[in-house]
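# Architecture at a glance
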Amino acid sequence: MKKTSEQINKTIVLDAFDALFNRRDLREAEKFWSPNYIQHSAHIAPGRHGLFDLVRSLPATLKYENRLIMAEGDLLMLHGRFSGIGQEADWIVVDIVRMNEGQLVEHWDVIQDEATAKSSRSGLPMFGNSFPEAK
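Notes on the structure in this doc start here. (Residues numbered from 1 in each chain as written. Predicted model: local features only at pLDDT ≥ 70, side-chain atom pairs only at ≥ 80, totals over all residues. Heavy atoms only, no water.)

## Topic: the environment of Asn9
Tracing the chain through its elements places Asn9 in helix H1 (residues 5-22). Of the residues examined, Asn9 reaches a relative accessible area of 10% and is grouped as buried. The contact partners of Asn9, leaving out residues within four places of it in the chain, are Gly73, Asp74, Leu76 and Met99. (Helix = DSSP H or I, 4+ residues; strand = E, 2+ residues; numbered from the N terminus. Buried < 20%, exposed > 50% of the residue type's maximum accessible area, 1.4 Å probe, protein only. Contact = heavy atoms within 4.5 Å.)

The following block contains the structure:
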(Lines give C-alpha, C1' and ligand atoms only; values in the text may rest on other atoms or scores of the structure.)
Protein backbone atom coordinates (compact mmCIF):
# COMPACT_ATOMS: atom_id res chain seq x y z
CA MET A 1 0.00 0.00 0.00
CA LYS A 2 1.34 3.43 -0.96
CA LYS A 3 2.10 5.88 1.86
CA THR A 4 0.21 9.17 1.97
CA SER A 5 2.05 12.49 2.03
CA GLU A 6 0.98 12.86 5.67
CA GLN A 7 2.59 9.50 6.56
CA ILE A 8 5.77 10.43 4.71
CA ASN A 9 5.89 13.83 6.45
CA LYS A 10 5.46 12.16 9.87
CA THR A 11 8.43 9.90 9.18
CA ILE A 12 10.56 12.83 7.99
CA VAL A 13 9.77 15.01 11.03
CA LEU A 14 10.44 12.23 13.53
CA ASP A 15 13.72 11.44 11.77
CA ALA A 16 14.61 15.16 11.82
CA PHE A 17 13.91 15.52 15.55
CA ASP A 18 15.92 12.38 16.29
CA ALA A 19 18.89 13.58 14.22
CA LEU A 20 18.96 17.04 15.81
CA PHE A 21 17.89 16.55 19.40
CA ASN A 22 18.88 12.96 20.23
CA ARG A 23 21.87 12.24 18.04
CA ARG A 24 23.00 15.89 17.77
CA ASP A 25 23.97 15.25 14.14
CA LEU A 26 23.82 18.79 12.75
CA ARG A 27 25.10 17.76 9.33
CA GLU A 28 22.23 15.32 8.93
CA ALA A 29 19.78 17.82 10.42
CA GLU A 30 20.71 20.32 7.70
CA LYS A 31 19.10 17.94 5.19
CA PHE A 32 15.79 18.13 7.06
CA TRP A 33 15.56 21.86 7.89
CA SER A 34 15.19 24.32 5.02
CA PRO A 35 17.89 27.00 4.70
CA ASN A 36 14.92 29.43 4.63
CA TYR A 37 13.38 27.98 7.82
CA ILE A 38 10.99 30.36 9.61
CA GLN A 39 11.05 30.21 13.41
CA HIS A 40 8.10 31.54 15.44
CA SER A 41 9.26 30.29 18.87
CA ALA A 42 9.90 32.91 21.54
CA HIS A 43 12.73 30.69 22.86
CA ILE A 44 14.71 30.27 19.64
CA ALA A 45 16.60 32.79 17.51
CA PRO A 46 15.48 33.18 13.88
CA GLY A 47 16.17 30.67 11.16
CA ARG A 48 17.76 27.25 11.01
CA HIS A 49 20.99 28.60 12.47
CA GLY A 50 19.09 29.87 15.53
CA LEU A 51 17.69 26.40 16.19
CA PHE A 52 21.04 24.70 15.64
CA ASP A 53 22.82 27.22 17.89
CA LEU A 54 20.27 26.52 20.64
CA VAL A 55 20.88 22.77 20.38
CA ARG A 56 24.66 23.31 20.49
CA SER A 57 24.20 25.30 23.74
CA LEU A 58 22.13 22.64 25.52
CA PRO A 59 23.63 19.88 27.68
CA ALA A 60 24.68 16.62 26.03
CA THR A 61 21.93 14.99 28.11
CA LEU A 62 19.22 16.54 25.91
CA LYS A 63 16.65 13.98 24.78
CA TYR A 64 13.43 14.24 22.77
CA GLU A 65 10.60 11.73 23.15
CA ASN A 66 7.52 11.85 20.96
CA ARG A 67 4.16 10.73 22.31
CA LEU A 68 1.79 11.81 19.54
CA ILE A 69 2.08 13.10 16.00
CA MET A 70 -0.74 14.27 13.74
CA ALA A 71 -0.64 15.50 10.18
CA GLU A 72 -3.00 17.29 7.86
CA GLY A 73 -1.69 18.35 4.50
CA ASP A 74 1.66 20.09 4.99
CA LEU A 75 1.12 20.76 8.73
CA LEU A 76 2.17 18.46 11.56
CA MET A 77 1.62 18.66 15.30
CA LEU A 78 3.90 16.79 17.69
CA HIS A 79 3.36 16.27 21.42
CA GLY A 80 6.66 15.49 23.06
CA ARG A 81 9.00 15.78 26.02
CA PHE A 82 12.40 17.46 26.07
CA SER A 83 14.40 16.14 29.01
CA GLY A 84 17.98 16.68 30.10
CA ILE A 85 17.71 20.36 29.19
CA GLY A 86 19.49 21.65 32.27
CA GLN A 87 16.30 23.03 33.81
CA GLU A 88 14.54 22.07 37.04
CA ALA A 89 11.64 20.57 35.07
CA ASP A 90 11.51 18.82 31.71
CA TRP A 91 9.49 20.54 28.99
CA ILE A 92 6.30 19.19 27.52
CA VAL A 93 6.02 20.74 24.09
CA VAL A 94 3.54 20.90 21.27
CA ASP A 95 5.49 21.63 18.10
CA ILE A 96 3.68 22.65 14.94
CA VAL A 97 5.71 22.25 11.77
CA ARG A 98 4.97 23.18 8.18
CA MET A 99 6.61 21.02 5.53
CA ASN A 100 7.48 21.78 1.93
CA GLU A 101 9.09 19.33 -0.49
CA GLY A 102 10.32 17.05 2.30
CA GLN A 103 11.84 19.77 4.49
CA LEU A 104 10.75 21.54 7.67
CA VAL A 105 10.11 25.14 6.60
CA GLU A 106 8.21 26.75 9.47
CA HIS A 107 7.74 26.13 13.22
CA TRP A 108 5.57 27.22 16.15
CA ASP A 109 5.56 25.79 19.67
CA VAL A 110 3.82 25.80 23.02
CA ILE A 111 6.12 24.92 25.94
CA GLN A 112 5.16 23.99 29.48
CA ASP A 113 7.17 22.72 32.46
CA GLU A 114 6.23 19.11 33.18
CA ALA A 115 4.07 18.84 36.29
CA THR A 116 4.99 16.52 39.14
CA ALA A 117 2.48 14.35 41.00
CA LYS A 118 2.49 16.98 43.76
CA SER A 119 1.96 19.98 41.46
CA SER A 120 -0.66 18.43 39.15
CA ARG A 121 -4.15 19.64 40.08
CA SER A 122 -5.69 17.08 37.71
CA GLY A 123 -3.77 14.22 39.26
CA LEU A 124 -2.84 13.04 35.77
CA PRO A 125 0.59 13.08 34.15
CA MET A 126 1.21 15.41 31.22
CA PHE A 127 3.23 12.87 29.25
CA GLY A 128 2.76 9.12 29.18
CA ASN A 129 1.27 7.18 32.07
CA SER A 130 3.45 8.29 34.97
CA PHE A 131 4.80 11.42 36.56
CA PRO A 132 8.48 12.30 36.32
CA GLU A 133 10.74 11.36 39.19
CA ALA A 134 11.72 14.22 41.49
CA LYS A 135 15.00 15.85 40.48
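## Observations regarding helix H3 (residues 47-57)
Where H3 is concerned, the buried positions are Gly47, Arg48, Gly50, Leu51, Phe52 and Val55. Buried positions along H3 lie against H1, helix H2 (26-32) and strand S1 (33-39).

## Points about the pattern of salt bridges
Summed over all chains, the structure comprises six salt bridges. Residue Arg23 is joined to Asp18 by a salt bridge in which the shortest nitrogen-to-oxygen separation is 3.0 Å. Judged by relative accessible area, which is 30%, Asp18 ranks as partly exposed. In this structure, the salt-bridge partner of Asp53 is Arg56, at a minimum N-O distance of 2.7 Å. With Asp53 and Arg56 both in helix H3 and three residues apart, the pair spans about one turn of that helix. Each of Asp18, Arg23 and Glu28 takes part in one network of salt bridges that share partners. (Salt bridge = Lys/Arg side-chain N within 4 Å of Asp/Glu carboxyl O.)

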